[in-house]
Amino acid sequence: MKKHAIIPIFIPHLGCPHSCIFCDQRTITAHTAPVSEDEVTETIETWLSTLEHVETREIAFYGGSFTAIPMELQNRYLRIAGRYKESGRIHKIHLSTRPDAIDPHILENLREHSVDTIELGVQSFDDRVLALSRRGHDSADVYRSARMIQEYGFELGIQLMIGLPGDSPEACIRSARETVLLRPQIARLYPVIVIENTGLYHLWQNGGYRPLTQQEAVMWTKEMYKILDAAGINIIRVGLKSSDLIRSGGSIAGTTFHPAFRQLVEGEIAKERIEEQLAALGFVPCSSRNPKREVLCMANARGLSNLVGNGGRNRQYFLDKYPGIVLSYRVCNELHDGEYIARIKGDKQ
Ligand code: SF4
């Protein structure tokens, strides 16, 4: 049985006075008018009809800066969600917003409406990256709002982007480390996707920005993922979903999008872990002197596809890089998520 489901309600660009360089929220959400209360109810009912057997269900207001819209409108949406929560048909209320759209008055109102989780679109902890991305807030806003959200007893979520103008592997790693220090419950990692006709697209066309290659995006994200995961933060999303882009009409440019981006990242981590263990077992990359042995690579059922890699890319990598050794892939459900083991066949653990 599926344990947890999120019912997403997209609230487009409403009330947002900003123009982040990467954002075309109206396009992403494919709406131009405010979402009506009837639409919200209809969306919730449609989702609920498919989620009967899910243990916990959560309504999530995404897509804009929820707490920057007029409070009266926030409350209309929140009252609907609140009624579902009171009736027990949903269990949590979740929203996303900007770090500078949080203050005590806003948080008190959200508490009155039984909101559980507030996600901050932090994007980066590097003030230069934030300024070049025209976010309109700095890292001080992030620390201030995150602390306040936690003091009020909400669950905290942090969203980070990878590959914004001025970004670097070092800045990304620092953002991941600062995130760990804030101790959020959840995080999302989004490599930048260039959407046509945004400021970022024009900057790129004018030579002022270079999008990451897909491989760079995977490698930078991988390092952040490892830091967050090691700290026990639940990484609920890595990369945009295809359905997010369908809503945008698919007008994306650049190459960072991949429908299984999370698997690319987790597959790289699996490859790295296996390669470390092969080295510890005495195997040397690209050497014809490796002993002709069979090596078992193991993960639990959820991790097996990461081990093999998207489209079998890890399997091919090891075939090419370790000629002579035979790797076979097995499920071992005693292993935890993210645990990948390499062992010479026949050897005891
Ligand atoms: S604050 Fe959010 S909705 Fe507004 S422009 Fe920036 S990314 Fe888009």
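Residues numbered from 1 in each chain as written. Predicted model: local features only at pLDDT ≥ 70, side-chain atom pairs only at ≥ 80, totals over all residues. Heavy atoms only, no water.

(A) Quick look at the overall build of the chain. Secondary structure assignment for the chain yields 13 helices and twelve strands. Computed over its C-alpha atoms, the radius of gyration of the chain comes to 22 Å, within 12% of the 20 Å expected for a compact globule of 349 residues. Reported as C-alpha extents along the three principal axes, the dimensions of the chain are approximately 70 × 50 × 35 Å. Of all 349 residues assigned to the chain, the portion counted as buried reaches 51%. When the accessible surface of the chain is split by element, carbon and sulfur atoms take 50% of a total near 16,200 Å². (Helix = DSSP H or I, 4+ residues; strand = E, 2+ residues; numbered from the N terminus. Rg over C-alpha atoms; globule rule 2.2 N^0.38 Å. Buried < 20%, exposed > 50% of the residue type's maximum accessible area, 1.4 Å probe, protein only. Areas by Shrake-Rupley, 256 points an atom, 1.4 Å probe, with all protein chains shown as cover.)

(B) Broad picture of the pairing of strand β2 (residues 56-62). The buried count for β2 comes to six of seven residues, which makes it a mostly enclosed element. As paired strands, strand β1 (residues 4-10) and β2 are joined by seven bridges and run parallel to one another. Within β2, the residue paired with P8 across the bridge is A60. (Pairing = 2+ DSSP bridges.)

(C) Local environment of the sheet that holds strand β8 (residues 234-238). Strand order in the open sheet made by the seven strands is β1-β2-β3-β4-β5-β6-β8, with parallel pairing throughout. The open sheet terminates on both sides in strands that have one partner only, identified here as β1 and β8. Shown here is a sheet whose adjacent strand axes are inclined to one another by a mean of 20°, direction ignored. Strand direction decides the pairing type here: β2 and strand β3 (residues 92-97), joined by four bridges, are parallel. Bridged to E58 within β3 is K92. On the sheet, helix α2 (residues 37-48) packs against β1 and β2 and is oriented at approximately 155° with respect to β1. Those strands touched by helix α9 (residues 214-230) are β5 (155-162), β6 (186-191) and β8, and its axis lies near 170° from that of β6. (Axes fitted to C-alpha atoms, helices over the stretch in contact; angles between N-to-C directions. Contact = heavy atoms within 4.5 Å.)

(D) Seen up close, unusual backbone geometry. Residues other than glycine seldom take positive phi values, yet S114 does so here, at roughly 60°. Mapped onto the elements of the fold, S114 is located in the loop between α4 (104-112) and β4 (117-123). Despite not being glycine, R183 shows a phi value in the positive range, around 55°. Along the chain, R183 falls in the loop between α7 (169-182) and β6.

(E) Up close: helix α11 (residues 261-280). Here α11 contains 20 residues, and its C-alpha end-to-end distance of 29 Å stays within 8% of the 28 Å for a straight helix at 1.5 Å per residue. The element α11 is extensively covered by neighbouring structure, given that 14 of its 20 residues are classed as buried. Positive phi shows up at G282, right after α11, with a value of about 95°. (Expected span 1.5 Å × (residues − 1).)

(F) Quick look at helix α6 (residues 139-151). Between its first and last C-alpha, α6 extends 18 Å over 13 residues, near the 18 Å set by a 1.5 Å rise per residue. The elements touched by buried residues of α6 are α4, β4, α5 (127-132), β5 and α7. For α6, the N-terminal capping position is held by D138, with its side-chain oxygen 3.1 Å away from the main-chain nitrogen of A140. Positive backbone phi, at 90°, marks G153, one or two positions downstream of α6. (Polar contact = N/O pair within 3.5 Å; in protein donor to acceptor, adjacent residues only side chain to side chain.)

(G) Fine view of the pattern of salt bridges. This structure, assessed with the given rule, holds 18 salt bridges. Taken together, the salt bridges that share partners define one network made up of K222, E223, K226 and E272. (Salt bridge = Lys/Arg side-chain N within 4 Å of Asp/Glu carboxyl O.)

(H) Spotlight on the state of the cysteines. Under the criterion given, the structure shown has zero disulfides. No disulfide involves C332; its sulfur sits 13 Å from the nearest other cysteine sulfur, which is in C297. Taking the relative accessible area as the measure of exposure, C332 reaches 18% and is therefore buried. (Disulfide = S-S within 2.5 Å.)

(I) Representation of the nonpolar core. The biggest cluster of nonpolar side chains holds 61 residues, and the ones touching the most others in it are I44, F61, Y77, L107, L110 and I118. Ranked by size, the runner-up nonpolar core spans 17 residues in total, among them A270, L278, V308 and L327. (Core = buried A, V, L, I, M, F, W, Y, C linked by side-chain atoms within 4.5 Å.)

(J) Inspection of the domain arrangement of the chain at higher detail. Each assigned domain of the chain is listed here: domain 1 (4-259) and domain 2 (272-344). Computed over C-alpha atoms, the centres of domain 1 and domain 2 are 35 Å apart. Domain 1 puts four residues into the contact, and the matching count from domain 2 is four residues. Approximately 280 Å² of surface area, both sides summed, lies buried where domain 1 meets domain 2, with 23% of it carried by carbon and sulfur atoms. The largest per-residue losses of area from domain 1 upon contact with domain 2 belong to K222, K226 and H258, which jointly make up 82% of the total buried on that side. Across the domain 1-domain 2 interface, the total number found is two salt bridges. A salt bridge links K226 to E272; the shortest N-O distance between them is 2.5 Å. On the surface where domain 1 and domain 2 come into contact, there are two residue pairs in polar contact (both at pLDDT 80 or more). Across the side of domain 1 that touches domain 2, the residue classes tally to no nonpolar, one polar and three charged. (Domains from an automatic or database assignment. Buried area = accessible area lost by both parts, 1.4 Å probe. Nonpolar A, V, L, I, M, F, W, Y, C, P; charged D, E, K, R; others polar.)

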